[in-house]
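Structure assessment
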Amino acid sequence: GAVVSQHPSRVICKSGTSVKIECRSLDFQATTMFWYRQFPKQSLMLMATSNEGSKATYEQGVEKDKFLINHASLTLSTLTVTSAHPEDSSFYICSATPGTNEKLFFGSGTQLSVL
Amino acid sequence: AQSVSQHNHHVILSEAASLELGCNYSYGGTVNLFWYVQYPGQHLQLLLKYFSGDPLVKGIKGFEAEFIKSKFSFNLRKPSVQWSDTAEYFCAVSLFGNEKLTFGTGTRLTIIP
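Conventions adopted
Residues numbered from 1 in each chain as written. Chains lettered and ligands numbered in written order. Predicted model: local features only at pLDDT ≥ 70, side-chain atom pairs only at ≥ 80, totals over all residues. Heavy atoms only, no water. Helix = DSSP H or I, 4+ residues; strand = E, 2+ residues; numbered from the N terminus. Rg over C-alpha atoms; globule rule 2.2 N^0.38 Å. Buried < 20%, exposed > 50% of the residue type's maximum accessible area, 1.4 Å probe, protein only. Contact = heavy atoms within 4.5 Å. Areas by Shrake-Rupley, 256 points an atom, 1.4 Å probe, with all protein chains shown as cover. Lys, Arg positive; Asp, Glu negative; His and termini not counted. Charge placed at Lys NZ, Arg CZ, Asp CG, Glu CD. Buried area = accessible area lost by both parts, 1.4 Å probe. Polar contact = N/O pair within 3.5 Å; in protein donor to acceptor, adjacent residues only side chain to side chain. Nonpolar A, V, L, I, M, F, W, Y, C, P; charged D, E, K, R; others polar. Salt bridge = Lys/Arg side-chain N within 4 Å of Asp/Glu carboxyl O. Core = buried A, V, L, I, M, F, W, Y, C linked by side-chain atoms within 4.5 Å. Pairing = 2+ DSSP bridges. Axes fitted to C-alpha atoms, helices over the stretch in contact; angles between N-to-C directions. Disulfide = S-S within 2.5 Å.

What follows is about the overall build of chain B. The helix and strand tally for chain B stands at zero helices and 12 strands. In sequence order, the secondary structure elements of chain B are arranged as β-β-β-β-β-β-β-β-β-β-β-β. Its C-alpha atoms give chain B a radius of gyration of 13 Å, within 12% of the compact-globule value 13 Å for 113 residues. The buried share of chain B, taken over its 113 residues, is 47%. Pairs at least 24 residues apart make up 55% of the contacts formed inside chain B by residues separated by at least 6 positions. For chain B, the computed accessible surface area is about 5,300 Å², with 55% contributed by carbon and sulfur atoms. Distance between charge centroids for chain B: 4 Å, based on 9 positive and 8 negative side chains.

Spelled out as structure tokens, the structure:
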């Protein structure tokens, strides 16, 4: 089956540094990728929708200058948390789909801890 | 490592039929359990979640799920499905106190009018 690879699985960084998370579709071309964040004791929150070759669409309340999303190719999207702070510590997960009405595949997620 | 299994890959039902989608997980500790739905062309939406308390959880749109700890299961049910329930359904599990989510591979539900 289709695989979405997300890297790194865990990252610990100092406050003020930037962290890049990669999401790759390994055996299909992902026209759309989604980035989610999991808050404690809550459900997933959609952060942004990323379409290849165009600017990401951010959900209300998500700072686009803080969470930079790049979808430069049909198999790779990156999320960069700029100037990370402890409140950015969370679990981030990406998902990818070959097309609008196609199946959704999930990465394994990234646990970010900002000290 | 924990894993989540959804054995039904594609379920086809007629309107008004009853629905049960299976979800089993492998971890033996305390877990948080979720069911998400993806309607065609849309992103994930939360149907329901279980953190603690009553193992029978009621969600939106008439869905419910029952956590059976002894069976490591969290099956999703709906007594009478509608055409608008056509979607992809994902079960997800996280460990208590940890946000890391593990998703099942999803079940595509097709409702025939």
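Okay, the interface of chain B and chain A next. Taken together, the contact between chain B and chain A spans 21 residues of the former and 21 residues of the latter. Carbon and sulfur atoms supply 59% of the area that chain B and chain A bury against each other, a total of about 1,700 Å² over both sides. Run the count over chain B and chain A and you get two residue pairs in polar contact (both at pLDDT 80 or more). For the side of chain B that touches chain A, the secondary structure elements donating two or more residues are β5 (31-38), β6 (44-50), β10 (87-95) and β11 (101-103) of chain B. Residue composition of the side of chain B that touches chain A, grouped by class: 10 nonpolar, six polar and five charged.

All names here are of chain B. Applying the stated rule across the entire model yields seven salt bridges over all chains. A salt bridge links Asp85 to Lys78; the shortest N-O distance between them is 2.9 Å. Lys78 shares its class with Asp85; the two are buried.

With an omega of 0°, the peptide bond running from His7(A) to Pro8(A) counts as cis. Tracing the chain through its elements places Pro8(A) in the loop between β1 (4-7) and β2 (10-13). Positive phi outside glycine occurs at Ala16(B), with the angle close to 80°. One can find Ala16(B) in the loop between β2 (10-14) and β3 (19-21). A relative accessible area of 53% means that Ala16(B) is categorised as exposed.

The next point concerns the nonpolar core. Grouped burial of nonpolar side chains is what soluble globular proteins tend to show. By size, the foremost hydrophobic cluster in this structure holds 28 residues, and its most contacted members are Leu33(B), Trp35(B), Leu47(B), Leu48(B), Phe74(B), Leu76(B) and Tyr89(B). Those elements that provide at least two residues to this core are β2, β3, β5, β6, β8 (64-68), β9 (73-78), β10 and β12 (107-112) of chain B. In this structure, Val19(A), Ala48(A), Tyr58(A) and Ile69(A) belong to the second largest nonpolar core, which totals 26 residues.

A separate point is the side chain of Asn32(B). Following the sequence through the fold, Asn32(B) ends up in strand β5. Dropping the residues within four chain positions of it, Asn32(B) is found in contact with Tyr50(B), Phe51(B), Ala92(B), Val93(B), Ser94(B), Leu95(B), Phe96(B) and Gly97(B).

Our focus in this paragraph is the sheet that holds strand β8 (residues 76-81) of chain A. Residues and elements named next belong to chain A. Strand order in the open sheet formed by four strands is β1-β3-β8-β7, and the pairing between neighbours is antiparallel. With one partner strand each, in any of the chains shown, β1 and β7 (67-73) form the two edges of the open sheet. Neighbouring strand axes in the sheet, compared pairwise and without regard to direction, differ in orientation by 15° on average. In the sheet, β7 pairs with β8 via five bridges, with the strands oriented antiparallel. What sits directly across from Phe67, in β8, is Val81.

On inspection of all chains with the given rule, the structure shows two disulfides over all chains. Residue Cys23(A) pairs covalently with Cys94(A) via a disulfide, S to S 2.0 Å. Classification of the bridge connecting Cys23(A) and Cys94(A) rests on its S-S torsion, roughly 80°, and on that basis the disulfide is right-handed. With Cys23(A) in strand β3 (residues 19-25) and Cys94(A) in strand β9 (residues 90-97), the pair connects residues that are 71 residues apart, well separated along the chain. Residue Cys23(B) pairs covalently with Cys91(B) via a disulfide, S to S 1.9 Å. Across the S-S bond linking Cys23(B) and Cys91(B), the dihedral sits near -65°, which makes this disulfide left-handed. A residue pair is termed long-range when its members are at least 10 positions apart, and Cys23(B) in the loop between β3 and β4 (24-25) and Cys91(B) in strand β10 qualify at 68 residues. Judged by relative accessible area, Cys23(B) falls into the buried class, the value being 0%. Judged by relative accessible area, which is 0%, Cys91(B) ranks as buried. With no disulfide partner, Cys13(A) has as its closest neighbouring cysteine sulfur the one in Cys94(A), 18 Å distant. Among the residues examined, Cys13(A) registers a relative accessible area of 9% and is labelled buried.

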